[in-house]
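Notes for the structure review
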Amino acid sequence: MNLCISVTCRLIITFKPFLEFYRPVRNSCSTREWYRERIAKLDTSTEVGRRARLVFFATEGAFILRAFGFMNIDQQEWDEIFTDIEMFLSAKI
């Protein structure tokens, strides 16, 4: 089996329960529009805009990991994560 197909299969098996749980949100037009509107406000032709897009995705990912209990993140680690994200946005990382 080709490595790419093997990795893809593993990802599907790993994330299938999450995708099934998340299906109503994933299929929601209003949710997709809300996210697209946020990203559309960024000028991703610039480094700052691209960093802002990554920060947006990072904050959303951290929130989902914590909110759905996929990762235990205590308040200290939560604060550290967002300090790192802020530093990345301001190009200090």
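Let me begin by describing the structure that accompanies this report. Fair warning: this is a prediction, and the values are worked out from it, not measured in the lab.

Each helix and strand counted, the protein chain has 4 helices and 0 strands in total. When the helices and strands of the protein chain are read in sequence order from the N terminus, they spell out α-α-α-α. Per-residue burial over the protein chain gives 16% buried out of 93 residues. As presented, the protein chain carries roughly 7300 Å² of accessible surface, and 63% of it is formed by carbon and sulfur atoms.

This part is about helix H4 (residues 75-89). Side chains that are three or four residues apart share a direction in an α-helix, a result of its 3.6 residues per turn. Taking 1.5 Å per residue, 15 residues should reach 21 Å; H4 reaches 21 Å between its end C-alpha atoms and fits that length. Here H4 starts with a cap whose side-chain oxygen sits 3.2 Å from the backbone nitrogen of Gln-76, and that cap is Asp-74. Positive phi shows up at Ala-91, right after H4, with a value of about 65 degrees.

Attention shifts here to the packing of aromatic side chains. Going through the model one piece at a time under the given rule, you end up with 6 aromatic pairs. Ring plane angle 40 degrees and centroid distance 6.5 Å describe the contact between Trp-34 and Phe-56, whose orientation is recorded as tilted. Linking Trp-34 in helix H2 (residues 29-40) with Phe-56 in helix H3 (residues 47-67), this pair joins segments that are 22 residues apart in sequence. Taking the relative accessible area as the measure of exposure, Trp-34 reaches 37% and is therefore partly exposed. Where Phe-68 meets Phe-70, the ring centres are 5.9 Å apart and the plane angle is 40 degrees; that geometry is what we call tilted. With relative accessibility at 37%, the residue Phe-68 sits in the partly exposed group. Using a relative accessible area of 47% as the deciding quantity, one classes Phe-70 as partly exposed. Each member of the aromatic cluster is reached from another via a ring pair, and the members are Trp-34, Tyr-35, Phe-56 and Phe-57. Residue placement shows Arg-66 over the ring face of Trp-78; its charged tip is 4.4 Å from the ring centre.

A word on the pattern of salt bridges. Pairing between side chains of opposite charge can happen when the charged atoms of each approach one another. By the definition in use, this model includes 2 salt bridges. Among the ionic pairs, Glu-37 bridges to Arg-38, the shortest N-O distance being 3.3 Å. Glu-47 is the salt-bridge partner of Arg-51, the closest N and O atoms lying 3.2 Å from each other. One end of the pair, Arg-51, and the other, Glu-47, are both in helix H3, 4 residues apart, so they sit about a helical turn from each other. A residue is classified by how much of its surface remains accessible, and Glu-47, at 48% relative accessible area, is partly exposed.

The next subject is the packing of H3 against H4. Across the interface, H3 lies against H4 with an axial gap of 9 Å and an inter-helix angle of 170 degrees. The angle between the axes of H3 and H4 places the two elements in the roughly antiparallel class. Across the interface between the two elements, Arg-51, Ala-52, Leu-54, Val-55, Ala-58, Thr-59, Ala-62, Phe-63 and Arg-66 of H3 pack against Gln-75, Trp-78, Ile-81, Phe-82, Ile-85, Phe-88 and Leu-89 of H4. Its residues placed into classes, the contact of H3 with H4 shows 12 nonpolar, 2 polar and 2 charged.

Thresholds, definitions, all that
- Residues numbered from 1 in each chain as written.
- Predicted model: local features only at pLDDT ≥ 70, side-chain atom pairs only at ≥ 80, totals over all residues.
- Heavy atoms only, no water.
- Helix = DSSP H or I, 4+ residues; strand = E, 2+ residues; numbered from the N terminus.
- Buried < 20%, exposed > 50% of the residue type's maximum accessible area, 1.4 Å probe, protein only.
- Areas by Shrake-Rupley, 256 points an atom, 1.4 Å probe, with all protein chains shown as cover.
- Expected span 1.5 Å × (residues − 1).
- Polar contact = N/O pair within 3.5 Å; in protein donor to acceptor, adjacent residues only side chain to side chain.
- Phe/Tyr/Trp six-rings, centres within 6.5 Å; stacked < 30°, edge-to-face > 60°.
- Lys NZ or Arg CZ within 6 Å of the ring centre and 35° of its normal.
- Salt bridge = Lys/Arg side-chain N within 4 Å of Asp/Glu carboxyl O.
- Axes fitted to C-alpha atoms, helices over the stretch in contact; angles between N-to-C directions.
- Parallel < 35°, antiparallel > 145°, perpendicular 65-115°, else oblique.
- Contact = heavy atoms within 4.5 Å.
- Nonpolar A, V, L, I, M, F, W, Y, C, P; charged D, E, K, R; others polar.

Coordinates in, geometry out; function isn't part of it.
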